[in-house]
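Structure at a glance
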Amino acid sequence: MTLYRLEVGLKPQMEDPIGNKLAKEFAAHGFGQIKSLRHLEVYLIKNGQIKDRDHLNDLNQKLFLDPVVHQLTPDGLWGDHAPFDWWVEISFKPGVTDNAAHVAKENLNLLLPPFGPGEDVASAKAFLLQGDFTAEQVNAAADQLLLNGLIEKKIVISKAQWEARKGELTYFPEAEVMAQVSTERLDCSSSEAVLKLSEERLLALSAEEAEVIARYYQDPKVQAEREQRGIGATPTDVELECIAQTWSEHCKHKIFNAWIDYRDESGQPQEIKSLYKSFIQASTKEIRRRLGEKDWLLSVFKDNAGVVKFTDDWSLAFKVETHNSPSALDPYGGALTGIVGVNRDSFGTGMGAQLIANTDVFCFGPLDYDQPLPKKLMHPSRIYQGVRLGVEHGGNQSGIPTVNGALVFDDTFVGKPLVFCGTLSVMPAQHEGRPSEEKKARPGDHILMVGGRIGKDGIHGATFSSLALEETSPVSAVQIGDPITQKRMFDFLWRAKAENLFSCITDNGAGGLSSSIGEMSEDSGGCRLHLDRAPLKYAGLQPWEILISEAQERMTLAVPPEKVARFLELSNEMLVESSDLGEFTDSGYLECFYEGQLVASLSMEFLHDGLPPMKIKAQWQAPNESHPDFAEPEDLGQMLAQVLARPNVCSKEKVVRQYDHEVGGASAIKPMGGAANDGPNDGGVLRPVLGLDQAVALSNGICPKYSAIDTYHMAANAIDESIRNLVAVGANPDRIAGLDNFCWPDPVQSAKTPDGEFKAAQLVRACQAIYDYCLAYGVPCISGKDSMKNDANLDGKKISILPTLLFSALGVVDSLSDCATHDLKQAGDRVYLLGTTQRELGGSEYMAQLGLTGGLVPKVDAASAMARYRSLHQALTQGLVASVHDCSDGGLAVALAEKAIGGRLGLALDLGPLLAASNLRPDELLFSESASRLVVSVAPEQTAAFEALFAGQACTFLGEVTQEPNLAFKNGNEKLLQASIYALKDSWQSYLERF
């Protein structure tokens, strides 16, 4: 069988954007200037049906090559036709998901007979460098900028070496040598034995959990029952692995359900039995009680996503997930898996929901970080590029618009990035005469796995994500998603739903089949699962690996027996692989078989309810909020330019533009807007159902910088920001629902975490804030997620993230005519500040720019804020407001600058009355980040009605919009700030342009 090499590259006269970008990165990271850098897509094709090189060139022209931009080399080897000094080639290691090769193989199958045994395709990327470099320099640059050694391998050869070795480049990834398939019996006779197994197998079990497992398997009644069932008394590796993933922090949320002995700064004790039940679930329950018959929540905290009523005919499902640990190891694959995984969550809610929007929020170390890094860690700029690209590919290739997001930078995220991905979906309110959010697997239903095949990728993903990042963190925990395969699967499942072919659906995420089938089996009361029937990417996987692998693009469904044949027929018609793996039962046991042998028999009661609650101590220490003394800057305009250029304030347009927010045609307010579409809107608005005037708005609030002072106020500000952003774009403040996503450093006291009690207290404080402010705003949490253990223990150093709450929110827009954008609209409009400004500079961007710490963190007054938001919404519905923008990072000065930049108009403002009322210095007024504030512009003819709506509230007239593109702020006759909006725009857009 002939092995062919196919290289696809741009014509020499064409610009190579990928090559140019990499050349800049080489220089930026100190590897010197590259004369030129070109890149090639490489395909290695093993196929007996290709006749010769001419036949392959014909296939190349039909399938891979764009004749406008690509050049065909007759012999297929670019090295004979392009100048270079060094050839660098990057390819996947054996067993790693290769999406480009998968798509290439599918396309070749359209023009060739189907690939047979031993025939396959692999892909690679080649980079042709020109420049005076040594082999050591090129290898070091490749390792840092091109290669992820966890999943990829490289070839680095000079031009002379290439001439001698070019024939060797027709390689193919060698097959991975697999161990003999067997089921192992494990020693669980004592807690010490179980803990030893936990360490060896990366099971993340605690000493208490190990004791419970050992006691269970040594129970004479259990042993007798196991003998009777034919499994034997000694547990199998399939069982222990299944228990470990089910009990993992990632899946079981042990910390959020722990019993916490909490003491405040005065030592006053409080016993908390489950943060989740006591604060998050409790606030939602109370809000639902208050709503009574007007309750618009349909399904909360019990499915893949929260479901709310949109109209009488339509419902909305929303979910946000994290994928932090995998993104630290493989930024591209980890982030790609994050977005396609949350797509499955939202799609698999209820009886299935149509995906309509994505959101993404990323937290990174500074992109210009210049401190030494532990060996295991990638530079923040490399993680940033990989994560951004992974989510871009996952969202764009799935045909789902990205309508909202955020970027946060802080030194503490060097150890682990935070990668939040969210998906909104819409479903008919009814499915076959019952609510669409209802589903249930029934005894007798068949277990159908649909989509991708199972491989070693994602082994121990759930338990790995329940631990800190260590030198020993496994390669196998990384998954790489394939959005094209997943999109095809979604299309098939939507057809299957239309034909009513299944009774329950869920995604295969953390824990794989173990999780999806284990959870669905709770409905029926048990299952019989045949692991050997599952399709594999390659032979030789152990039964326990098949059960817990998190290989992507898979959903699990319960299909009534009489509908299995049609389900499989439709699946085959739409080129989607589906496999019948067994059936759901009411036996009370999760039973797994391999080649007819019973390899697991787990009591459903023990599996899901046998885990004892964790016990944690928490001790709060009140922060020092004393305000530091410092002189006022001489030039406030220059200071504004510096604050605008800060990473957390700067324009995110460079990242936003990589994502498609137009696909589907439903977007009404985009992430960027204004005269040149480069200003930041506060939230995304889209129509879930085309033709309806009602819309939905999405926003987020995230401000981990305040955690350094007080996590209670951090959480309060995140909640307030998300609500404020929704109201700013037109959402009804009384129809808002939220999602809480916690990312925390390890809050459990131990030798590795000596400050665990304080970090646990920080978590308690944040949960208390959710309870207080969700109730105060009437905003229920409908779904959420927590990710603990966001620490890196590497090279003897521990790097812990700032405690972080992302509060995402969706709001119903009653009419698209209620919507507003951030940008100034016309000269002569009057400008108002809604809300009060305090000397709240703690954690602010201004203080950070000055290199200062301390100060008061912003405090949220929910009562006055909610009155303000309702009045603003009334003003929007009456058409009184021309533009709205919230004040957040950087304070009032940044909000005003962004409005002016977005509208390409100026502002002439007198801040004297505001300064007198607040008793603040000008710099404090301009850069304080006090919460719940918005800046609005109002047409002159609407001002009387507008001011009447805000009578008795904090509503201050500041000045007018000008045609001249300048900011001119004064205090009476004293000039405070004078700056060109174009100069400010250049500063604002400068940071990310460097990377």
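Residues numbered from 1 in each chain as written. Predicted model: local features only at pLDDT ≥ 70, side-chain atom pairs only at ≥ 80, totals over all residues. Heavy atoms only, no water.

Take the overall build of the protein chain next. On a plain count of helices and strands, the protein chain comes out with 32 helices and 42 strands. Computed over its C-alpha atoms, the radius of gyration of the protein chain comes to 29 Å, within 12% of the 30 Å expected for a compact globule of 995 residues. Seen along its three principal axes, the alpha-carbon backbone of the protein chain occupies a region of about 85 × 75 × 60 Å. Expressed as a percentage of its 995 residues, the buried residues of the protein chain come to 62%. Only carbon and sulfur atoms are counted for the fraction: they give 49% of the accessible area of the protein chain, which is about 35600 Å². Seen as two clouds, the 92 positive and the 132 negative side-chain charges of the protein chain have centres 1 Å apart. (Helix = DSSP H or I, 4+ residues; strand = E, 2+ residues; numbered from the N terminus. Rg over C-alpha atoms; globule rule 2.2 N^0.38 Å. Buried < 20%, exposed > 50% of the residue type's maximum accessible area, 1.4 Å probe, protein only. Areas by Shrake-Rupley, 256 points an atom, 1.4 Å probe, with all protein chains shown as cover. Lys, Arg positive; Asp, Glu negative; His and termini not counted. Charge placed at Lys NZ, Arg CZ, Asp CG, Glu CD.)

The next subject is the state of the cysteines. Scanning the model with the defined rule gives zero disulfides in all. Of the cysteine sulfurs around cysteine 251, a residue in no disulfide, the closest is that of cysteine 242, at 10 Å. Residue cysteine 251 is classed as partly exposed on the basis of its relative accessible area of 23%. (Disulfide = S-S within 2.5 Å.)

Okay, the environment of histidine 323 next. Turning to its location among the elements, histidine 323 is positioned in the loop between β11 (314–322) and α12 (324–329). On the basis of relative accessibility, which here comes to 13%, the residue histidine 323 falls in the buried class. Sequence separation between histidine 323 and glycine 334 is 11 residues, and the spatial gap between their C-alpha atoms is 6.5 Å.

Here we take up the packing of helix α11 (residues 275–291) against helix α24 (residues 756–777). Running from amino to carboxyl end, α11 crosses α24 at an angle of 0°, the nearest separation of the two axes being 9 Å. Accordingly, the angle class assigned to the pair α11 and α24 is roughly parallel. The segment α11 lies against α24, with Leu275, Ser278, Phe279, Ile280, Ala282, Ser283, Glu286, Ile287 and Arg290 engaging Leu763, Val764, Cys767, Gln768, Ile770, Tyr771, Cys774 and Leu775. Considered class by class, the residues forming the contact of α11 with α24 number 12 nonpolar, three polar and two charged. (Axes fitted to C-alpha atoms, helices over the stretch in contact; angles between N-to-C directions. Parallel < 35°, antiparallel > 145°, perpendicular 65-115°, else oblique. Contact = heavy atoms within 4.5 Å. Nonpolar A, V, L, I, M, F, W, Y, C, P; charged D, E, K, R; others polar.)

Per the stated rule, a full pass over the model turns up four cavities of 30 Å³ or more. For the largest cavity, the calculated volume is near 110 Å³. What lines the largest cavity is a set of 13 residues, and nearest its centre among them are Tyr706, Asn717, Glu721, Arg724 and Ser888. Partitioning the lining of the largest cavity into residue classes produces five nonpolar, three polar and five charged. (1 Å grid on protein atoms, 1.4 Å probe; cavity = no way out; pocket = protein on both sides within 12 Å on 5 of 7 lines; lining within 4 Å. Points joined across faces, edges and corners; volume = space filled by probe spheres on them.)

Another point: the sheet that holds strand β36 (residues 830–834). Taking strand neighbours across the sheet as the criterion, the seven strands line up as β37-β39-β36-β40-β38-β41-β42 in an open arrangement whose pairing is mixed. One side of each edge strand has no neighbouring strand; the edge strands of this open sheet are β37 (883–886) and β42 (974–980). Neighbour-to-neighbour, the strand axes of this sheet turn through a mean angle of 20°, independent of strand direction. Direction of pairing for β37 relative to strand β39 (residues 934–938): antiparallel, over a ladder of four bridges. Following the sheet pairing, serine 883 is matched in β39 by serine 937. The strands touched by helix α23 (residues 711–729) within the sheet are β37 and β39, with β37 carrying the most contacts at an inclination of about 170°. Sitting on the sheet, helix α31 (residues 981–988) touches β41 (966–971) and β42, and the angle it makes with β42 is about 65°. (Pairing = 2+ DSSP bridges.)

This part is about helix α4 (residues 135–146). All of the buried residues in α4 are Val138, Ala141, Ala142, Leu145 and Leu146. For α4, the buried positions fall inside an angular range of 105° around the axis, keeping them on one side. (Arc of directions from axis to C-beta.)

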